[in-house]
Amino acid sequence: MADIHRKSPDPSPLPELQGHGLRLTAWDPESEEQQDAWFRGLTDPDFVRWNTPLRIVRDRADALHSLRSKVMDTDKGTNAAFRITDAASDTTLGQMSVNMIDHVLSVARVGYWVLPETRGRGVATRALAVATHWALTDLGLHRLELGHALGHEVSCKIAERCGFRYEGTMRGAMFESGRQDAFRDAHLHARIASDPEPDLS
């Protein structure tokens, strides 16, 4: 297991996490570079094929509104949206979120995306491992769930590599690509706090 720890350089409610060569930190919606990364991530054809967010992004104005809303939800404590960066260069690689945090039932859902140019380097797997460790330890959650559209084999492999066991197929659980009036099936994976840490070496 890599050395995963949190740093708190400022009073932000979101800690900075490090591990597996990555740094997970808060998004800055006023940064043009980060706005551009957010826009490119949410309009990438591969992302659009497998995901339909509640706030669909079609242009840069949509992207800015979406990013600001995500940061506001993080500030409220209902979500934890991290910018995935290279620990050495601070280059933005993607997004990692712990969503729908419910401290009563001690459960949340995780989601992520990586920019096209960073794929094939294990970024999503490493980021998920770092965020999962934090959510099941420092955040104190008991269970994390991960859902992905049926047929998205890459997400299936990432989930299993990070110790999220396949629990079944959920019927009509996700929006169809680019639509919010039609639904498709999804795989459900989950990990609980007592599950062993996966070996990513």
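Residues numbered from 1 in each chain as written. Predicted model: local features only at pLDDT ≥ 70, side-chain atom pairs only at ≥ 80, totals over all residues. Heavy atoms only, no water.

Trainee: Explain the overall build of the protein to me, using residue names and the numbers behind them.
Mentor: Within the protein one finds 5 helices and 9 strands. Overall, the protein shows an N-to-C arrangement of helices and strands of β-β-β-α-α-α-β-β-β-α-β-α-β-β. Rg of the C-alpha trace for the protein: 16 Å, near the compact-globule value of 17 Å for 201 residues, within the 12% margin. Dimensions along the principal axes, computed over C-alpha positions, put the protein at roughly 40 × 40 × 35 Å. Here the protein holds 201 residues, and the buried ones make up 50% of them. The contacts of the protein with a sequence gap of at least 6 include a subset with a gap of at least 24, amounting to 59%. Carbon and sulfur atoms make up 51% of the accessible area of the protein, which totals about 10000 Å². (Helix = DSSP H or I, 4+ residues; strand = E, 2+ residues; numbered from the N terminus. Rg over C-alpha atoms; globule rule 2.2 N^0.38 Å. Buried < 20%, exposed > 50% of the residue type's maximum accessible area, 1.4 Å probe, protein only. Contact = heavy atoms within 4.5 Å. Areas by Shrake-Rupley, 256 points an atom, 1.4 Å probe, with all protein chains shown as cover.)

Trainee: Give me the lowdown on the pairing of strand β7 (residues 143-149), citing residues and values where you can.
Mentor: Most of β7 is tucked away, with 6 of its 7 residues classed as buried. Looking at chain direction, strand β6 (residues 107-114) and β7 are connected through 3 bridges and run parallel. Of the residues in β7, the one forming a bridge with Ala108 is Leu144. Once the chain exits β6 it traverses helix α4 (residues 123-136) before rejoining the sheet at β7, and the crossover so formed is right-handed. (Pairing = 2+ DSSP bridges. Right-handed = clockwise from strand over helix to strand, strands pointing away.)

Trainee: Break down the side chain of Arg191 for me, with residues and values.
Mentor: By the element assignment, Arg191 lies in strand β9 (residues 183-192). There is a polar contact of 2.8 Å between the side chain of Arg191 and the backbone oxygen of Cys162. Those residues in contact with Arg191 that lie beyond four places of it in its chain are Thr132, Leu136, His142, Arg143, Leu144, Cys162, Gly163, Phe164, Pro196, Glu197 and Pro198. (Polar contact = N/O pair within 3.5 Å; in protein donor to acceptor, adjacent residues only side chain to side chain.)

Trainee: Please provide a residue-by-residue account of the pairing of strand β4 (residues 80-86), values included.
Mentor: With 6 of its 7 residues buried, β4 lies for the most part within the structure. Relative to β4, strand β3 (residues 22-26) is paired through 5 bridges, and the arrangement is antiparallel. Counted as the bridge partner of Leu22 is Asp86 from β4. Direction of pairing for β4 relative to strand β5 (residues 92-102): antiparallel, over a ladder of 6 bridges.

Trainee: Describe in detail the packing of aromatic side chains, supporting the description with residues and values.
Mentor: Summed over all chains, the structure comprises 5 aromatic pairs. Between Phe82 and Trp134 the ring centres are 5.3 Å apart and the planes differ by 85 degrees, which places this aromatic pair in the edge-to-face class. You can see Phe82 sitting in strand β4 and its partner Trp134 sitting in helix α4, a full 52 residues away along the chain. Comparing Phe82 with Trp134 shows no difference in burial state: the two are buried. An aromatic cluster is built from Trp27, Trp38 and Trp113, whose rings are joined through pairwise contacts. (Phe/Tyr/Trp six-rings, centres within 6.5 Å; stacked < 30°, edge-to-face > 60°.)

Trainee: Help me get a handle on the pattern of salt bridges, residues and values and all.
Mentor: Under the definition given, this model contains 14 salt bridges. As a salt-bridge pair, Glu16 and Arg23 come within 3.1 Å of each other at their nearest N and O atoms. The exposure class of Glu16 is buried, given its relative accessible area of 9%. Asp36 serves as the salt-bridge partner of Arg60, at 3.1 Å between the closest nitrogen and oxygen. Of this pair, Arg60 sits in helix α3 (residues 60-76) while Asp36 sits in helix α1 (residues 32-43), placing them 24 residues apart in sequence. Taken together, the shared-partner salt bridges in this structure form one network comprising Glu16, Arg23, Arg83 and Asp90. (Salt bridge = Lys/Arg side-chain N within 4 Å of Asp/Glu carboxyl O.)

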